[in-house]
Structure formats: C-alpha cells, structure tokens
Amino acid sequence: MRETSQNPYIASAKFNRKAIQVSEAQKRAHSLVGSARIEKVPIHEANGRFLAEDVFAPHPYPFFRRSGMDGYAIRCEDVEQASSNQVIWLKVIDDIPCGYASDMILTETTAARIMTGAMVPEGADAVVMLEATESRTEGGTSWVGIKRPMDQGANITPVGFEVRPDELLLRQGTRITAGELSVLATFGIHQVPVFSKPIVAVFATGTELLRVDEPLQPGKIRNSNTIMLASQIEQAGGIAVVQDSVPDDIELARQRLDQAIQEYDFIVTSGGVSVGDYDIMGDLVRRPEVDMLFNKVTMRPGSVTTAAVVQGKLLFALSGNPGACYVGFELFVRPAIRKMLGDQQPYLETWTATLRQDFNKVNNFTRFVRSRLEIEDGRVWVTPAAIDESSVMVSIKDSDCLMIVPPEQKGLQAGTQVQVLKLER
Ligand SMILES: Nc1nc2c(c(=O)[nH]1)N[C@H]1C(S)=C(S)[C@@H](COP(=O)(O)OP(=O)(O)OC[C@H]3O[C@@H](n4cnc5c(N)ncnc54)[C@H](O)[C@@H]3O)O[C@H]1N2
Ligand code: MOO
Ligand SMILES: [Mg+2]
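Residues numbered from 1 in each chain as written. Chains lettered and ligands numbered in written order. Predicted model: local features only at pLDDT ≥ 70, side-chain atom pairs only at ≥ 80, totals over all residues. Heavy atoms only, no water.

On to the site of ligand 1. The environment of ligand 1 is formed by 22 residues, the closest being Glu208, Asn223, Gly272, Ser274 and Gly320. Contact distances for ligand 1 include 2.7 Å between an oxygen atom and a side-chain N or O atom of Glu208. One nitrogen or oxygen atom from the side chain of Asn223 is found 2.9 Å from a nitrogen atom belonging to ligand 1. Here ligand 1 loses 68% of its free accessible area of 880 Å² to cover by the protein chains. Judged by the fraction of its atoms near the pocket grid, ligand 1 is located in the largest pocket. Residue classes in the shell around ligand 1 are distributed as 7 nonpolar, 12 polar and 3 charged. (Near = heavy atom within 4 Å. Polar contact = N/O pair within 3.5 Å; in protein donor to acceptor, adjacent residues only side chain to side chain. Areas by Shrake-Rupley, 256 points an atom, 1.4 Å probe, with all protein chains shown as cover. 1 Å grid on protein atoms, 1.4 Å probe; cavity = no way out; pocket = protein on both sides within 12 Å on 5 of 7 lines; lining within 4 Å. Sits in = over half its atoms within 2 Å of the grid points. Nonpolar A, V, L, I, M, F, W, Y, C, P; charged D, E, K, R; others polar.)

Moving on, we come to the sheet that holds strand β18 (residues 291-294). Here we have 6 strands laid out as an open sheet, ordered β16-β13-β17-β21-β20-β18, and mixed in their pairing. Among the strands making up the open sheet, the edge pair consists of β16 (239-242) and β18. Going across the sheet, the axis of each strand differs from the next one's by a mean of 25 degrees, ignoring polarity. Pairing geometry for strand β13 (residues 199-204) and strand β17 (residues 266-270), over 5 bridges, is parallel. Paired with Ala201 across the strands is Ile267, a residue of β17. The strands touched by helix α6 (residues 322-340) within the sheet are β13, β17, β18 and β21 (313-318), with β21 carrying the most contacts at an inclination of about 165 degrees. (Pairing = 2+ DSSP bridges. Helix = DSSP H or I, 4+ residues; strand = E, 2+ residues; numbered from the N terminus. Axes fitted to C-alpha atoms, helices over the stretch in contact; angles between N-to-C directions. Contact = heavy atoms within 4.5 Å.)

Take the site of ligand 2 next. In the vicinity of ligand 2, the contacting residues are Met299, Arg300, Pro301, Gly302, Ser303, Val304, Ala324 and Ser390. With respect to ligand 2, the backbone of Gly302 contributes an N or O atom lying 2.6 Å from an oxygen atom. One nitrogen or oxygen atom from the side chain of Ser390 is found 2.5 Å from an oxygen atom belonging to ligand 2. Taken together, the residues of the shell around ligand 2 sort by class into 4 nonpolar, 3 polar and 1 charged.

Two quantities define a packed helix pair, namely the angle between the axes and the distance from one axis to the other. It is at 10 Å that the axes of helix α1 (residues 22-30) and α6 come closest, and there the two elements cross at 40 degrees. As for the relative orientation of α1 and α6, their crossing is right-handed in sense. Here Val22, Ala25, Gln26 and His30 of α1 lie close against α6, whose contacting residues are Leu331, Phe332, Pro335, Ala336 and Lys339. Residue composition of the contact of α1 with α6, by class: 6 nonpolar, 2 polar and 1 charged. (Left-handed = near helix turned anticlockwise from the far one by under 90°.)

A few words on the domain arrangement of the protein. For the protein, the assigned domains read domain 1 (8-36 + 197-340), domain 2 (39-61 + 161-195), domain 3 (66-157) and domain 4 (349-422). Centre-to-centre, using C-alpha coordinates, domain 3 lies 62 Å away from domain 4. (Domains from an automatic or database assignment.)

Time to look at the pattern of salt bridges. On inspection of all chains with the given rule, the structure shows 25 salt bridges. A salt bridge links Glu39 to Arg49; the nearest nitrogen and oxygen atoms lie 2.9 Å apart. Here Glu39 is found in strand β1 (residues 38-42), whereas its partner Arg49 is found in the loop between β1 and β2 (55-56), with 10 residues between them in sequence. Judged by relative accessible area, Arg49 falls into the buried class, the value being 10%. Between Glu376 and Arg356 there is a salt bridge, with the nearest N and O atoms lying 3.3 Å from each other. Here Glu376 is found in strand β23 (residues 366-376), whereas its partner Arg356 is found in the loop between β22 (349-355) and β23, with 20 residues between them in sequence. Taking the relative accessible area as the measure of exposure, Glu376 reaches 38% and is therefore partly exposed. (Salt bridge = Lys/Arg side-chain N within 4 Å of Asp/Glu carboxyl O. Buried < 20%, exposed > 50% of the residue type's maximum accessible area, 1.4 Å probe, protein only.)

Protein ligation of the magnesium ion (ligand 3) involves Asp279 (OD) and Asp279 (OD), the donor distances falling in the range 2.3 to 2.5 Å. Looking at where Asp279 falls in the secondary structure, it is placed in the loop between β17 and α5 (280-284). (Donors = N, O, S within 2.8 Å, 3.2 Å for Na, K, Ca; no water.)

Let us look at unusual backbone geometry. Omega for the peptide link from Tyr61 to Pro62 comes to 0 degrees, which places this bond in the cis form. Among the structural elements, Pro62 can be located in the loop between β2 and β3 (66-67). The linkage connecting Arg300 with the following residue, Pro301, adopts the cis geometry, with an omega of -5 degrees. Note that Pro301 resides in the loop between β19 (299-300) and β20 (306-310). Positive phi, close to 70 degrees, is recorded for Asp166, a residue that is not glycine. For Gln311, which is not glycine, the phi dihedral falls at a positive 45 degrees. Its location among the elements puts Gln311 in the loop between β20 and β21.

Tracing the chain through its elements places Lys14 in the segment before α1. In this structure, the C-alpha to C-alpha distance between Lys14 and Asn295, residues 281 residues apart in sequence, is 9.7 Å. Look past the residues within four positions of Lys14 in its chain and what remains in contact with it is Val275, Gly276, Asp277, Asp283 and Arg286.

Written as structure tokens, this is what we have:
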C-alpha cells in the first residue's frame, strides 16, 4: 500500500456535485476571460496571430491606374473608326515598364507602349493588347497600328478598384493568414498589432505516469495527455508551458498549482478530478480560497471536467481519461484562449451532417462523439469512431469532428441529421 493523500480539505463535498449544462459551464468560465495584452510584431512573424486593432486603408488600391495587359495605352476617340480594313496608326511617344511613372501626356493620335502592372499615362483611356496591334518604325519613330475601336477604360484597373481610402480592411480579432498578410503588406503595415499569445501552463497529475522516454513498468502508463494538450494549446493560439507531471500528492499539486498561477495566464491540468481516493484536483478546488465554477457537466466524455478561479486566474482541471481530456479542452479551454485572443467566434463551428450508420449509445448526458466527416455529392456525412469511450486514446487521431448526441431515450438511426462540432486541426 502506498500512502494515500489524506484530504486536508473537505471530504463530504466530494460526492455532492451539481451537474450543469455545457452552455452554462462555458458561460461561467468564459465570461471571466478578457482580451490579452497587445504587442506589435514584425509582419513576417504575424502569421496565425490575431489582429488587435481594426485596420483601415491608408490609401486607395490600386494607387494608380494600372495596365492589365502588355500592349499600348491609347485614347479611344482616336480609334473610333478603326477596323481590319482601316488600320489607324498612332505615334508611340513613350515606353512604360512596371515601376515607372511616365511624364508624357497622350494627346491626339499618340500612344505609349506599356507593360502589365505599369502606370497608365495621363490622357490615355484604354490599353490595347500587344497581339491586337501592328507596329512599324520609320526614321527612329515607332508607330502602332490599331485595327478595332476600344471601349473606355478597357484593360485599365481604376484607382481604388479593390480598396477605397479609409475602407475597413481587417477587423480586430481576425486571424492573420495568407490573405490578411497580403493586405497588410500591400498597405505597408510592417509592424502588426496583435494580441499576445496567452501563456498556458500544463501539467498532468497521476502517480502512474511515466515520462515518454521511460520504459514501461507494471501498472504504469506513459503520460500522453500533456503533449496532447500542449498541441491543442498551440493550435488554439496559445503558448504551452509544459511542466513535469505531479504524483497524486495534494500538497505537491497545491504547490505546483499556486506557483503556476503566479506566472501564467491559465492553468490546465489532467487527471484526478473524479471521486477516487487519489483524485487530488477535485479536492484542491474545494479549498475555501478557490472559487470553484463547476465540477460536473452534463456531458460525456468529460462529465467531471472542473473549472475554478485561483488567485484571479482560471484553472481548467480536465479529466485524466484521454478522450475526456481532449474533449474538455476543445469545449472549455480552447474558447478561453480564443476569447483572450479577441476571436469573435471562439467556439468550434457547428455543422449539420447526415449520420452514416446507426448510433445506439445514448444516455441522459449530451455526448460528444469523436467522429469523422466526409463530403459526398455535396452532402456532409458523419461516421462515429468505432470506440469512443472516455478512457480511449487511440480514436482521437482519427476524428475531425465531435458529433453531438443530445440526451435521448433511444438510439439514432442512419440517415438522421445531426449537429457536429468541426475540429480545427
Ligand atoms: N466511482 C466513480 N468513478 C469514476 C467516476 C465516477 O463518477 N464515479 N467518473 C469516471 C469518469 S466519467 C471519468 S472521466 C474518470 C475521471 O478520472 P480522473 O479525472 O479522476 O482521472 P484519473 O483518475 O487521474 O485517471 C483516469 C484515467 O486516465 C489515465 N490518465 C491519467 N492521466 C493521464 C495522462 N496524463 N496520460 C494518459 N492517461 C492518463 C489514468 O491512468 C486512468 O486510467 O473517472 C471515472 N471514475
Ligand atoms: O468524465 Mo467521464 O469522461 O464522463 O467518462
Ligand atoms: Mg480518478
């Protein structure tokens, strides 16, 4: 027998848990989350970050009238009578590559050779593509022959075609990816205001836990939750600070928790939240100085998911069972990180899908079943994992959504429309 963690706190409260709905639990925890600090990062470090301020266009885009073709800038009125039988010849007065602003103004029967992306000269109101022209040189002077009339503005992108000045370009809270980066680059925003990444301490509890590099021993398992949670934290947009696991010793866990609380934005733990003799996290949040938000949620897996405020910081004490730990993170921790990052939609997207096969495992708690989506003929299908018990680790990797099975008396038949939470991975 090993020494048990004598609970110095409250014992009877252990079994007296009041289960609340997922939405209520989310509200309790997430209403306490404010925006993160703001920092400026160089644009090449802004990928994947969340914008901390609205961005308005400092100038129109394009900034100048831009040629859409390699060809000749002309005046439409000069070529109104042009046809293949009646080629109209214009004197070429300039040659305009990209990056060059011509100081010539097109006047009657003149043209300028121009390249795609170059600035159209004053006086011109259309560009004729090279292939539709003829050319000749006479005594050092170039001439271009036009064989058909042109429409006003043909092959010219007007100033502000894409973006008008002062237009709202990007909203605060937007995740910055390829498209946003091109906007920022285009408008010269090289120092980007972003929300600082929340720093999240993560540690597992459990005397049975071995490090990943340790050989197996009877009764022990390797700690897989910490690395899984660290990945989920990073995917959500936070920085994971991975700590060694703590054996089931309430005093050690308390010290570790109280220390982490000083330094980090959130604390995430796994294990020890149920009613077992060594379930120390459940006991820790029942201390008088801790404001416990919930310790039972009407969901499976993860019914024992616990959240508390410790010294003003949020602690998410997730179940040790890998499936429950994973789901608890996605429903409670991810949105907290995203909310801190200013994300306007911090929760996983809800999709509607058609159930591929009968699903009979129903009970009086809402289930979040690890499942896989397929799109066939424009229809979204969902297939639940073969094994999705709370204790099962291996099906996490096979899922890209969580199928929501509301509390039901009877099973769901294949073909039923169900809601799924789309995992972002
Ligand atoms: N009498 C009752 N027993 C249990 C109840 C209950 O209501 N009454 N609830 C069950 C449910 S539901 C769950 S979920 C689990 C929750 O367990 P804990 O959160 O207390 O977690 P542990 O006891 O520490 O571990 C459970 C399980 O997970 C394994 N584990 C733990 N940490 C890790 C890790 N870092 N990596 C991989 N695997 C881990 C651990 O070895 C156990 O097998 O309680 C039920 N029991
Ligand atoms: O908390 Mo448990 O995961 O409901 O199975
Ligand atoms: Mg336990």
